Amino acid sequence: QSRPASLKPASSNKLAGAHILVVEDNDINREFATELLHSEGMAVDEAVNGQEALDKVQGNNYDAVLMDIQMPVMDGLESTRRIRALGDVPGGERFGALPIIAMTALAMAQDTQASHDAGMNDHITKPIAPDRLMTVLAKWIQLPSRSS
C-alpha cells in the first residue's frame with residue numbers, strides 16, 4: 001500500500017544533513033522555515049537579526065543562509081554585505097562562496113535587484129512556498145556526495 005502523497009518528502013531528502021542558518025525576526029515565519037527544513041533532514045540554527053547572523057556565520061560552517069531583509073538592529077542587506085566583505089580577508093573564502101538567499105515579503109523587481117546587489121545568490125518571497133524553497137536550496141547547496 002502506497003503512502004498518501006502528503007507524507008512523501010518533497011525533495012526525497014537530497015539536502016538531508018545540510019546546515020542552514022535561518023535569519024528572521026518574526027517568530028512564526030522563523031518557526032515555519034525551521035520546521036520545514038527539519039522535515040527535510042536539515043540542521044538549522046536561528047538568528048533574529050542581521051548582527052546575530054553575522055556573528056553566527058563567523059562561528060559556524062553553514063551550507064546556506066536564509067536571510068530576511070527587514071529586521072531590527074541590522075537588516076539583511078547590510079548583514080549580507082558584511083558577510084561578503086569577510087570573503088575578501090585571507091582565509092575567508094567561504095564567506096564569499098556561502099549561498100545567501102533572501103527570504104522576504106519584498107517582491108518587487110527592485111527588491112530582488114537590491115538583494116543581488118548586496119551579494120545574495122537568490123530571492124524567495126513570503127509566504128514561503130515549500131517546494132520553491134527546496135528547489136532554490138537544491139540549486140545552491142553542494143553537499144559532499146555520500147556514496148557508499
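Predicted model only: the values in this text are computed from it and were never measured.

Rules used in this analysis
- Residues numbered from 1 in each chain as written.
- Predicted model: local features only at pLDDT ≥ 70, side-chain atom pairs only at ≥ 80, totals over all residues.
- Heavy atoms only, no water.
- Helix = DSSP H or I, 4+ residues; strand = E, 2+ residues; numbered from the N terminus.
- Buried < 20%, exposed > 50% of the residue type's maximum accessible area, 1.4 Å probe, protein only.
- Contact = heavy atoms within 4.5 Å.
- Areas by Shrake-Rupley, 256 points an atom, 1.4 Å probe, with all protein chains shown as cover.
- Expected span 1.5 Å × (residues − 1).
- Arc of directions from axis to C-beta.
- Polar contact = N/O pair within 3.5 Å; in protein donor to acceptor, adjacent residues only side chain to side chain.
- Salt bridge = Lys/Arg side-chain N within 4 Å of Asp/Glu carboxyl O.
- Axes fitted to C-alpha atoms, helices over the stretch in contact; angles between N-to-C directions.
- Left-handed = near helix turned anticlockwise from the far one by under 90°.
- Nonpolar A, V, L, I, M, F, W, Y, C, P; charged D, E, K, R; others polar.
- pLDDT = per-residue confidence, 0-100.

Okay, the overall build of the chain next. In terms of regular secondary structure, the chain is built from six helices and five strands. When the helices and strands of the chain are read in sequence order from the N terminus, they spell out β-α-β-α-β-α-α-β-α-β-α. Residues classed as buried in the chain amount to 41% of the 148 residues present. The long-range fraction of contacts in the chain, counting pairs at least 24 apart against all pairs at least 6 apart in sequence, stands at 62%. In the form shown here, the chain has an accessible surface area of approximately 7,900 Å², with 52% of it arising from carbon and sulfur atoms.

Moving on, we come to helix α1 (residues 27-39). If you check α1, its first and last C-alpha atoms are 18 Å apart, about what 13 residues at 1.5 Å a residue would give, namely 18 Å. The set of residues buried in α1 consists of R30, A33, T34, L36 and L37. Along the long axis of α1, the arc covered by the buried residues comes to 165°, so they all point the same way. Residues of α1 that are exposed and angled more than 90 degrees away from the buried face: I28, E31 and E35. Structurally, the start of α1 carries an N-cap: the backbone nitrogen of I28 is 2.9 Å from a side-chain oxygen of N26. Of the residues trailing α1, G41 is marked for its positive phi of about 85°.

Here we take up the side chain of D122. Relative to the elements of secondary structure, D122 occurs in strand β5 (residues 122-125). Within the structure, D122 has its side chain in polar contact with the side chain of W140 (distance 2.8 Å). Among residues more than four places away in sequence, those in contact with D122 are I100, I101, A102, H116, R132, V136, K139 and W140.

Considering all chains together, one arrives at eight salt bridges under this definition. The salt bridge involving R132 is made with D122; its shortest N-O contact spans 3.8 Å. Residue R132 is found in helix α6 (residues 130-140), and its partner D122 is found in strand β5; the two are separated by 10 residues along the sequence. You can call R132 partly exposed: its relative accessible area is 38%.

Here α1 crosses α6 at 65°, and the two axes come no closer than 11 Å. The way α1 lies across α6 gives a crossing that is right-handed. For the pair formed by α1 and α6, the contact residues are F32, L36 and L37 on the first element and P130, L133, M134 and L137 on the second. Across the contact of α1 with α6, the residue classes tally to seven nonpolar, no polar and no charged.

One rule of thumb: low pLDDT means the predicted coordinates there are not for detailed reading. With 89% of its residues at a pLDDT of at least 70, the chain reaches an overall mean of 89. A low-confidence stretch, residues 1-11 (pLDDT under 50), is modelled with seven contacts involving residues beyond four sequence positions or located in other chains.

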